[in-house]
Structures are given as structure tokens and as C-alpha cells.
Amino acid sequence: MGKVKRQAQKHSNHHDNLRKGKAAVVRRQHSQKPPQPAKKATSQAATNGTSQGRLNVPFTKHDNVLLVGEGDFSFSSSLRLHHKVNRITATCYDSKETLESKYPDITKRIRQLEQSDREIAAASQLEAVSDDNFNEDAEAEWKGFSPSPASPEQEDEPQENTWRRPPVNVLYAIDATKLSSTHKKRLGPYTPFTKIVFNFPHVGGLSTDVNRQVRYNQELLVGFFKAAKGLLSSPSRPSRLIQSEEYDEDDDVSEDDYKRNPGAVKGQILVTLFEGEPYTLWNIRDLARHSGLRVVESFKFPWLAYPGYQHARTIGEITTGKDRSEEGRRKGAWRGEEREARCYVLEDKKSEGNVRRSRKRKQGSDDEDSE
């Protein structure tokens, strides 16, 4: 996470629990406008309290994503499992030792992130064999820990999941405000990125002074913006994507993406904040302008699109206190777990291809807000 040079200040990454339910997901490239649902349908869905619309997911199979400020890596895990992202580099502010002390189950999750699908499948097969007590049937079928050849009927059956997820690059002790300086060498092998994501940045701390907290968080965002700009991809500086991976054919990606280098796109910075004060007091649009960026779009953060993504406190899992059961579990939901949030999409003002867009919006708003 980003780091502000002040004592007793820690950045937090306030993750919220997933709202249960299913909805269609829309993936689009940078050049594609987000779908505009009919106003009547939107208002009706809001009235009924259901989510029938298509969720706005700004990731595609051609993306090379950098995640900063991860807490328990639940967003990294959800992004990898449920969205066909080409490359993911997930980072956290804490050291490995500090992270393990905060989140007791983090070791297993990190191990799963760093494994390829083949390694995960092999581990599952080993567990299946050991659980079967090595009976004669199991020994015959799993001899050499390899599955038996499929029958002709099985080979003709369509495969539901042909996507092979590459392992996630996990890095510890990464300061979001020093991406292009202190951590440039560590991040170098994975740059440039088509998306750099910072979900729910916050400096933390025990201060109750709202103005002071606002100022500290503004410093964090400005430092992050300036550090992230130099790591973004562009048409002349394309992102390096993983080749020879299999993808499903139903992705919503234009044909032009296949004719050109899919990594040669204008990189974007994504920042997600809770709605309402004090977060609106941060004035993210003004901070972006002063940092040489522009907010080109904002939309409600689609919790339903990321199954398993949940809130993780900076100080780790709290197991004692008046709001805790004997087993250490929270008796009630944390007040932030059901809050609305908004994702802001930013681009470099000087990046290639922004001149025409700026002229079109000269007389309009600075960004496109969508539900």
C-alpha cells in the first residue's frame, strides 16, 4: 500500500464482503464505451432491490494488471478465478512475516495464487488418491498419479473450462508511492501494465481529526498517481502478455483487438473509494488533474462480480472484543461491508490517443459517470 512519511500511520485496504447473487458480466477494452442500460430498467431494478443489469468489469483477457495495497489477497484470488486476466501481479504493503501474523490463513491463499492450474490439479489428484486409502480400484485408475485415458464418448463432450490460469506474481513490502523509484527494479520484469489497481486506499491511523485524515489520504493518492504513471502501457510501449494460453470464445472483445498487439493500449489507473464523506472530501478528480491524469470514467463498484472478495482490516483479523464471539468471529456485520463504492478510471493526460477525446469533452463534463 502507499506509504505516507508520518508516524503511526498505516495504510489500509478496506475490503467489503461480497453481496450474494449472480449477474451477467461485461468485459471491454479501453476503446469501448461502457454499455448504457435503459433508464426504466435501471430504476426498476433499483426499486426491487435486485441486480439484474450487466456488471461493469474493466478487465479483459489481454490485461496485464498490477494490484497494490492488497490486504488478505481476496481480490487477487477472485480476479484470477473468475476473470480471464492474462497477467496479474499482486502486491501488499506488509512484509511476508507481518502479513502472516495479521491473517492466519494467508499462507494457503498465497500458495494457491502462485500455483498454475496444472499444479493445483495435480495437488487435488494427490489428495484424492490419499483419501481413497489406496484401494485396488484407485491404484488401477491413478497409477503413477495420472488419470486414465478418456473414452471416445468423453472426448466428444465439450469442455466447460478451457481457460488455463497462469500463476499470480506475489510481491511483499511494496509501497504504492514508490512504484517507480524504490520498487522499480522489482516490478521491472512485469512492466508496463495495462491496469494498475488500488482498491480502497487509506492511510489508517488513530487520529479523529477529519481534516488531517483527508490531507494524509490526499498525499497518499497523489504519491501513488505520480509513481504509477510511469508504469502504464501505451501504443508505443505495449505490455508484454503471456502467450500460448487458451481462452474461451465468448469474450466480448472486438475483432480489431486480435489484429493488433492487444497489449498496445493506453494504460489505466483504477481507484475504488467508498461513496459519501469523508471520501468525497478527498476530491480525487482534482488530485488526478494536478498529477497529470484525468478521470475518464467512474462507475459503481460491482461487488457481485468478485465472488470471495471480502473486507480485510489493516491491523489484521480481530479475534477479541465486545463484538466478538468466543470463537473470535464478528457477531454482526462491520458497518462498511454493505456500503456503496465507486471505481474511478484514470488515464495519463499526455498519453497517446487522448487529444481527440479531450476535444469531444471540452464543453462537457470531465468524466463519464455510470451506474
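Refer to the structure printed above.
Since the structure is predicted, the reported quantities are computational estimates derived from the model, not experimental observations.

Draft legend 1. Examining the environment of Asn64 more closely. Tracing the sequence through the fold places Asn64 in strand 4 (residues 64–68). If we ignore the near neighbours within four places in the chain, the residues touching Asn64 are Arg87, Tyr190, Pro192, Phe193, Thr194, Lys195, Ser239, Arg240 and Leu241. In terms of polar contacts, Asn64 uses its side chain to reach the backbone carbonyl oxygen of Tyr190, at 2.8 Å. Polar contacts involving the side chain of Asn64 include one to the side chain of Ser239, which spans 3.1 Å.

Draft legend 2. Expanded view of the pattern of salt bridges. Scanning the model with the defined rule gives 5 salt bridges in all. Notably, a salt bridge pairs Asp63 with Lys195, separated by 2.9 Å at the nearest N-O pair. Note that Asp63 is positioned in the loop between strand 3 (55–57) and strand 4 and Lys195 in strand 7 (residues 195–199), a separation of 132 residues in sequence. Of the two residues, Asp63 and Lys195, both sit in the buried class. Arg342 is the salt-bridge partner of Glu275, the closest N and O atoms lying 3.2 Å from each other. One end of the pair, Glu275, is in the loop between strand 9 (268–274) and helix 11 (284–290); the other, Arg342, is in strand 11 (residues 341–348), with 67 residues separating them in the sequence. For Glu275, a relative accessible area of 27% translates into the label partly exposed.

Draft legend 3. Summary view of the packing of aromatic side chains. Under the counting rule described, the total for this entry stands at 13 aromatic pairs. Taking 5.0 Å as the distance between ring centres and 65 degrees as the angle between the ring planes, the aromatic pair formed by Phe75 and Tyr309 counts as edge-to-face. One end of the pair, Phe75, is in helix 2 (residues 74–82); the other, Tyr309, is in the loop between strand 10 (293–300) and strand 11, with 234 residues separating them in the sequence. Neither residue differs from the other here; Phe75 and Tyr309 are each classed as buried. Plain terms: the ring middles of Trp303 and Tyr309 are 5.9 Å apart, the flat faces sit at 25 degrees to each other, and that makes the pair stacked. Residue Tyr309 is classed as buried on the basis of its relative accessible area, which comes to 0%. Just above the ring of Phe274 sits the side chain of Arg339; from NZ or CZ to the centre is 4.9 Å.

Criteria and thresholds
Residues numbered from 1 in each chain as written. Predicted model: local features only at pLDDT ≥ 70, side-chain atom pairs only at ≥ 80, totals over all residues. Heavy atoms only, no water. Helix = DSSP H or I, 4+ residues; strand = E, 2+ residues; numbered from the N terminus. Contact = heavy atoms within 4.5 Å. Polar contact = N/O pair within 3.5 Å; in protein donor to acceptor, adjacent residues only side chain to side chain. Salt bridge = Lys/Arg side-chain N within 4 Å of Asp/Glu carboxyl O. Buried < 20%, exposed > 50% of the residue type's maximum accessible area, 1.4 Å probe, protein only. Phe/Tyr/Trp six-rings, centres within 6.5 Å; stacked < 30°, edge-to-face > 60°. Lys NZ or Arg CZ within 6 Å of the ring centre and 35° of its normal.

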